[in-house]
2 protein chains.
Amino acid sequence: MDSRVLRVREWLRALQDRVLEAFVREDPTARLTEDAWERPGGGGGLTRVIADGEVFERGAVNFSQVHGDTLPPAATRQRPELAGRPFHALGVSVVVHPLNPRVPTSHCNVRYFTAGAPGEIPAWWFGGGFDLTPCYGFESDTRDWHRAAAALCEEFGDDVYSRFKEWCDRYFFLPHRNEARGVGGLFFDDLNEWGFDRCERFARRVGNGYVDAYLPIVRRRRATPWTERERDFQLLRRGRYVEFNLVHDRGTLFGLQSGGRTESILTSLPPLVRWRYDWQPAPGSAEATLVEQFLRPRDWLAA
Amino acid sequence: MDSRVLRVREWLRALQDRVLEAFVREDPTARLTEDAWERPGGGGGLTRVIADGEVFERGAVNFSQVHGDTLPPAATRQRPELAGRPFHALGVSVVVHPLNPRVPTSHCNVRYFTAGAPGEIPAWWFGGGFDLTPCYGFESDTRDWHRAAAALCEEFGDDVYSRFKEWCDRYFFLPHRNEARGVGGLFFDDLNEWGFDRCERFARRVGNGYVDAYLPIVRRRRATPWTERERDFQLLRRGRYVEFNLVHDRGTLFGLQSGGRTESILTSLPPLVRWRYDWQPAPGSAEATLVEQFLRPRDWLAA
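Reading the values: rules and limits
Residues numbered from 1 in each chain as written. Chains lettered and ligands numbered in written order. Predicted model: local features only at pLDDT ≥ 70, side-chain atom pairs only at ≥ 80, totals over all residues. Heavy atoms only, no water. Contact = heavy atoms within 4.5 Å. Buried area = accessible area lost by both parts, 1.4 Å probe. Salt bridge = Lys/Arg side-chain N within 4 Å of Asp/Glu carboxyl O. Polar contact = N/O pair within 3.5 Å; in protein donor to acceptor, adjacent residues only side chain to side chain. Helix = DSSP H or I, 4+ residues; strand = E, 2+ residues; numbered from the N terminus. Nonpolar A, V, L, I, M, F, W, Y, C, P; charged D, E, K, R; others polar. Pairing = 2+ DSSP bridges. Buried < 20%, exposed > 50% of the residue type's maximum accessible area, 1.4 Å probe, protein only. Expected span 1.5 Å × (residues − 1). Phe/Tyr/Trp six-rings, centres within 6.5 Å; stacked < 30°, edge-to-face > 60°. 1 Å grid on protein atoms, 1.4 Å probe; cavity = no way out; pocket = protein on both sides within 12 Å on 5 of 7 lines; lining within 4 Å. Points joined across faces, edges and corners; volume = space filled by probe spheres on them. Axes fitted to C-alpha atoms, helices over the stretch in contact; angles between N-to-C directions. Least-squares fit on C-alpha atoms with pLDDT ≥ 70 in both. Core = buried A, V, L, I, M, F, W, Y, C linked by side-chain atoms within 4.5 Å.

Enquirer: Let's hear about the interface of chain A and chain B: which residues, and what values?
Expert: The partner chain B presents 29 residues to the 29 residues of chain A that form the contact. Of the roughly 2,600 Å² buried between chain A and chain B on both sides combined, carbon and sulfur atoms contribute 60%. Taken as a group, Glu263, Trp275 and Tyr277 of chain A account for 31% of the area that chain A buries against chain B, more than any other trio of residues on that side. Linking chain A to chain B there are 4 salt bridges. In this structure, arginine 177 of chain B engages glutamate 263 of chain A in a salt bridge whose closest nitrogen and oxygen atoms are separated by 2.8 Å. Run the count over chain A and chain B and you get 15 residue pairs in polar contact (both at pLDDT 80 or more). At the level of secondary structure, the elements contributing two or more residues to the side of chain A that touches chain B comprise β1 (31-38), β2 (43-51), α5 (228-248), α7 (262-265) and β10 (272-274) of chain A. For the side of chain A that touches chain B, the leading source of residues is α5 of chain A, giving 6 residues. Of the residues contributing to the side of chain A that touches chain B, the split by class is 14 nonpolar, 5 polar and 10 charged. In terms of strand pairing, β10 of chain A meets strand β10 (residues 272-274) of chain B through 3 bridges, oriented antiparallel. When the sheet's bridge partners are listed, leucine 272 of chain A is paired in β10 of chain B with arginine 274 of chain B.

Enquirer: Give me the pairing of strand β4 (residues 87-98) of chain B: which residues, what numbers.
Expert: Remember that side chains alternate between the two faces of the sheet whenever the strand is regular. All names here are of chain B. In terms of residue burial, β4 counts as a mostly covered element, since 11 of its 12 residues are buried. Across 12 bridges, the pairing between strand β3 (residues 56-68) and β4 is antiparallel. Counterpart to glycine 68 in the pairing with β4 is phenylalanine 87. As paired elements, β4 and strand β5 (residues 105-115) share 10 bridges and run antiparallel to each other. Among the inter-strand pairings, valine 95 is bridged to a residue of β5, identified as histidine 107. Between β4 and β5, which pair antiparallel in sequence order, lie 6 residues.

Enquirer: I'd like a rundown of helix α1 (residues 3-26) of chain A, residues and numbers included.
Expert: If you check α1 of chain A, its first and last C-alpha atoms are 35 Å apart, about what 24 residues at 1.5 Å a residue would give, namely 34 Å. Where α1 of chain A is concerned, the buried positions are Val5, Val8, Trp11, Leu12, Leu15, Gln16, Val19, Leu20, Ala22, Phe23 and Glu26 of chain A.

Enquirer: Now, about the packing of aromatic side chains: what can you tell me, with residues and values included?
Expert: According to the stated counting rule, one finds 59 aromatic pairs over all chains in the structure shown. Aromatic pair phenylalanine 172 of chain A and phenylalanine 244 of chain A: ring centres 5.4 Å apart, planes at 45 degrees, arrangement tilted. Taken together, the residues span a long stretch of sequence, with phenylalanine 172 of chain A in the loop between α3 (160-171) and β7 (173-174) and phenylalanine 244 of chain A in helix α5 at a distance of 72 residues. You'll find phenylalanine 172 of chain A and phenylalanine 244 of chain A in the same group, each marked buried. Ring centres of phenylalanine 113 of chain B and tryptophan 125 of chain B lie 5.2 Å apart, and the angle between their planes is 0 degrees; this geometry places the pair in the stacked category. On the criterion of sequence distance, the pair formed by phenylalanine 113 of chain B in strand β5 and tryptophan 125 of chain B in strand β6 (residues 123-133) is long-range, its members being 12 residues apart.

Enquirer: Explain the layout of surface pockets residue by residue, including any values.
Expert: Computed from the structure, the largest pocket encloses a volume of approximately 610 Å³. Listed by contribution, the elements that provide at least two residues to the lining of the largest pocket are α5 and α6 (250-257) of chain A together with α3 (160-171), β9 (184-191), α5 (228-248) and α6 (250-257) of chain B. Across the lining of the largest pocket, the residue classes tally to 14 nonpolar, 7 polar and 5 charged.

Enquirer: I'd like a rundown of the pattern of salt bridges, residues and numbers included.
Expert: Oppositely charged side chains are able to pair whenever their charged atoms sit close together. With the rule as written, the count across this model stands at 68 salt bridges over all chains. Aspartate 144 of chain A is the salt-bridge partner of arginine 147 of chain A, the closest N and O atoms lying 2.9 Å from each other. Remark: aspartate 144 of chain A and arginine 147 of chain A occur in helix α2 (residues 139-153); sequence separation between them is 3 residues, near one turn of the helix. Relative accessible area serves as the criterion here: at 46%, arginine 147 of chain A is assigned to the partly exposed category. Here aspartate 144 of chain A falls in the partly exposed class, since its relative accessible area comes to 27%. Between glutamate 179 of chain B and arginine 240 of chain B there is a salt bridge, with the nearest N and O atoms lying 2.8 Å from each other. Here glutamate 179 of chain B, found in strand β8 (residues 179-180), pairs with arginine 240 of chain B, found in helix α5; they are 61 residues apart in sequence, far enough to count as distant. Residue class for glutamate 179 of chain B comes out buried when judged on its relative accessible area of 4%.

Enquirer: Account for the pairing of strand β2 (residues 43-51) of chain B, with residues named and values stated.
Expert: Residues and elements named next belong to chain B. Counting buried positions along β2 gives 8 out of 9 residues, so the element sits mostly inside the fold. Where strand β1 (residues 31-38) and β2 come together, 8 bridges link them in antiparallel fashion. Bridging from a neighbouring strand, glutamate 38 pairs with glycine 44 of β2. Here β2 runs beside β3; their pairing, made up of 9 bridges, is antiparallel. Counted as the bridge partner of threonine 47 is asparagine 62 from β3.

Enquirer: Account for the sheet that holds strand β5 (residues 105-115) of chain A, naming residues and giving values.
Expert: All names here are of chain A. An order of β1-β2-β3-β4-β5-β6-β9 is seen for the 7 strands of this open sheet, with the pairing classed as antiparallel. What marks the edges here is a single partner per strand, and that holds for β1 and β9 (184-191). For this sheet, the mean angle separating the axes of adjacent strands, direction not counted, is 5 degrees. Running at roughly 15 degrees to strand β6 (residues 123-133), helix α4 (residues 196-221) makes contact with β3 (56-68), β4 (87-98), β5, β6 and β9 of the sheet.

Enquirer: Account for the side chain of glutamate 26 of chain A, naming residues and giving values.
Expert: As for its placement among the helices and strands, glutamate 26 of chain A is situated in helix α1. Discounting chain neighbours no more than four positions away, the residues touching glutamate 26 of chain A are Val55, Phe56, Leu215, Val218, Arg219 and Arg222 of chain A.

Enquirer: Quick one: what's the story with the relation of the copies chain A and chain B, residue by residue and with numbers?
Expert: Once turned by 180 degrees and shifted 0.0 Å along the axis, chain A lies on chain B with an RMSD of 0.0 Å. One copy is carried onto the other by what is essentially a two-fold rotation axis. Relative to the rotation axis, the C-alpha of valine 273 of chain A is the closest in chain A, positioned 2.6 Å from it. The share of interface residues of chain A whose copies in chain B are also at the interface is 100%, consistent with both copies meeting through the same surface.

Enquirer: Got a sec to walk through the sheet that holds β6 of chain B? Specific residues and values, please.
Expert: Residue and element names in this part refer to chain B. Taken together, 7 strands build an open sheet; the order of strands is β1-β2-β3-β4-β5-β6-β9 and the sheet is antiparallel. On the outer flanks of this sheet lie β1 and β9, each paired with one strand and no other. Taking the axes of each pair of neighbouring strands and ignoring which way they run, one obtains an average angle of 5 degrees across the sheet. In the packing of α3 onto the sheet, contacts are made with β6 and β9, and the angle to β9 comes to roughly 100 degrees.

Enquirer: Quick rundown of the nonpolar core? Include the residues and the values.
Expert: Buried together is how nonpolar side chains tend to be arranged in soluble globular proteins. Residues and elements named next belong to chain A. Phe23, Phe126, Phe202, Tyr210 and Tyr214 are the most contacted members of the largest nonpolar core, which has 69 residues in total. Of the residues forming this core, the biggest block, 12 residues, is contributed by α4. When residues no more than four places from it in sequence are discounted, the contact partners of tyrosine 214 are Phe23, Phe56, Val96, Pro98, Val103, Pro104, Thr105, Ser106, Leu132 and Trp145.

What follows is the structure in structure tokens.
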């Protein structure tokens, strides 16, 4: 392992601790499960699941480090010539599904890849981001989330937030539903244009910024009472989350293609999900507002 | 439309009526919804959903007929040269998810494709089959199901049942779980080797044979009492069904790729589904027996 991999690995493991500890402080009633696993083809991971809490119905904070002889095609779009090369991939992936329908689901990922044949200088890149998936939309939550995203991008360039915000809108989109998965955030991939040190600092900033952006929203909404109708809507919305992750998500496909640990990869799926044929929200309802006002790309920093 | 398309269309519509009527007779308490839809690119369908019954938690019996200028790649594996050609596809697709965990989920599909450029004699083929997905395994049900499958294949050749049974075992398999979706049945695709009339007769036989094979099993199990633990296991098993359909199923991918009607395509998904991290059945339990004894390819006709 080269020294960059070791260095990234160290802060990724620290990030995993940081996020899990923040979740546990927020919801000490939740049950924790931890599994260290090895991948037969090389590498392994540490899966940490938080479940059945007052706040978090289920969440996972996963670290994995996999290496192999042939990079799966889902791993890089910009450099298809690297598919099939020896690779090393490490990352932390977080998804949390709250119990209260007013508390949004959130997702964060940071990852580092190297790929290249022996004797070559390996290609490397960072990827990641974070995004928010509310079931009931709140303008203030969404603005705060995007303000936090913009603030952490600021030192990296004037266009960084808007580029990665738009990338997030494009990525987390369900064409077969013609709607966004959520209200977005940041998404970046194949990032190496700033040199290693600056790219690494950016990826760390994204990882560390995630809980700081998310938990204030959790605290604001967690005590709101909710009804069975709202719970039902949440289960239907979770169906869209499953559709995105299993049909479109490159991270999920990469994991399954690269012989990752299925139970760890699929911790992103919600604990309980409903599908109902052709369900439509009542016009003017909060349920209709979600799709009409929130699940469309918008400028959340505009006054 | 050529006369073969018209002829196939007629019996597919009759098959749709036949299956839905049989479900309604079996469960008159269920609620029916019917939607005729048109596809902007050409064609349309009739979606018929049965829901919230004593026996059937949800099922759908769908007819669709789509045509377009470019055949999606998911439509044919054996003749990739036809991808991108003008095509005509029609079929009936049935999935039913019973409420009682002792009553197995079942699926049946028959479809007819033609593809080819103007001025060419178009290629044509039939595809389809039926398969059973129990949550609790019963040897007698599985044997009866396969005996019915073998009986309807008999006049078409000595090896037809075993070829299409094995194809079904290969097709309905989840590599990321290393288990079968269910106990199989029949699966065939790109079928034209017997000439049109014989292939058509076989496809009709499969479509018509499905309810006759399935409903006796429903009747045998529907009155069995069930516990919350069994219901919980059913919701977990349904998660595997969703994983297969969204990650692997070519029919689902073809529908989504060809601009089919999303709500109709996704009627195959179960109404309520659970995922739980790394759940394992107790050794020797009925839940463990399902995976160990039933979700592996077996010769169900052996004495």
